[in-house]
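Each chain, letter by letter, is given below.
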Amino acid sequence: MSRTAPAVLLHGAFDQPTELTVAQLRELPAQQVSASFNCRSRGAMQQHNFEGPRLWDVLRTAGTQVDRGTRKVRLRHLLTVTGADDHFALLSWAEIDPDFSGRQILLATSVDGVPLDETGPQLVVPGDTCGARYVSGITTVWVGLARLDPAAAAAVPAAAAADTALAEAAQPRVPSTTDVNCLLGPGARVLCPVGPAVGG
Ligand SMILES: Nc1nc2c(c(=O)[nH]1)N[C@H]1C(S)=C(S)[C@@H](COP(=O)(O)O)O[C@H]1N2
Ligand SMILES: [Mo]
């Protein structure tokens, strides 16, 4: 399964989809972060020294369109970060944008001095005390706009909308370059990545 020099696909709100290898990520200004997290299923606390560029710098390098928006528009964007095993986590734009947050959210190119070129980068979310968002072996980062949709709120009973959102969460989809509207909940929609696997 392991590929030589796997690349991360960045797609969604970009001028065009871009792929970056760990070696290319290493060309960006690197930050060093020591982070500790626990895992419910493993129990013990983990502490690691991560090194890599800020996710925000990576997205700018890849030409994200979000950065051209006002702060009020930027904060309406969501990100999915997906690993090779399809484990994925959400971030909101305000978590990664220095205009909103001082969090050093990284795409690590090494962990405890071990390079991640062959496995792919790992998401580092300092302040998260649960390890679940430290997605490793990242294959895909998607960025999209969440929209309020009053018409959908009026048309869909709240309970049905909540069921839809839960069903989406229970059945993760592999991102593609096709974005469609997904129901998040009563009246809220987000452009979601759906469709067949891209980039392995
Ligand atoms: N791709 C991927 N990354 C992942 C996970 C996963 O299942 N797949 N598990 C997360 C969880 S729940 C934890 S606690 C941390 C650390 O898990 P590890 O000890 O198995 O590395 O990795 C996170 N990153
Ligand atoms: Mo975990």
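Small disclaimer: the values here were computed from a predicted structure and weren't measured.

The rules behind the values
- Residue numbers run consecutively from 1 along every chain, following the written order of its sequence.
- Labels follow written order: the first chain is A, the first ligand is 1, and so on.
- With pLDDT at 70 or above as the cut-off, local features in this predicted model cover only qualifying residues; side-chain atom pairs require 80 or more to be listed or tallied, and sums for whole chains, interfaces and linings still use all residues.
- Secondary structure elements are taken from DSSP: a helix is a run of H or I of four residues or more, a strand is a run of E of two residues or more, and numbering for both begins at the N terminus.
- Using C-beta atoms placed from the backbone, we call a residue buried if 20 or more other C-beta atoms fall within 10 Å of its own, exposed if 12 or fewer do, and partly exposed for counts in between.
- A residue pair is marked as a contact if its C-beta atoms, positioned from the backbone, fall within 7 Å.
- A set of buried Ala, Val, Leu, Ile, Met, Phe, Trp, Tyr and Cys residues, joined to one another through C-beta atoms within 7 Å, is what we call a nonpolar core.
- For two strands to be treated as a pair, DSSP must find no fewer than two bridges joining them.

Secondary structure assignment for the protein yields 6 helices and 13 strands. Buried residues in the protein amount to 33% of all 200 residues. Long-range contacts, defined here as pairs at least 24 residues apart, represent 61% of the contacts in the protein between residues at least 6 apart.

Take the nonpolar core next. With 36 residues, the main nonpolar core has Leu55, Val81, Leu107, Leu123, Val124 and Val141 as its most contacted residues. When residues no more than four places from it in sequence are discounted, the contact partners of Val124 are Val33, Ala35, Phe50, Ile105, Leu106, Ala108 and Tyr134.

With 4 bridges connecting them, strand E1 (residues 7-12) and strand E11 (residues 138-148) associate as parallel partners. Its bridge partner lying in E11, Leu10 is registered against Val141. The pairing of strand E5 (residues 77-83) with E11 spans 7 bridges and is antiparallel. Residue pairing across strands places Val81 opposite Val141, the latter belonging to E11.

With respect to the helices and strands, Phe100 occurs in the loop between helix H4 (93-96) and strand E7 (106-108). A count of 14 C-beta atoms within 10 Å places Phe100 in the partly exposed class. Linking Phe100 and Leu75, residues 25 residues apart in sequence, is a C-alpha distance of 8.7 Å. Here Phe100 is in contact with Leu75 and Ala94, once residues within four sequence places are set aside.

These figures come from the coordinates and say nothing about function on their own.
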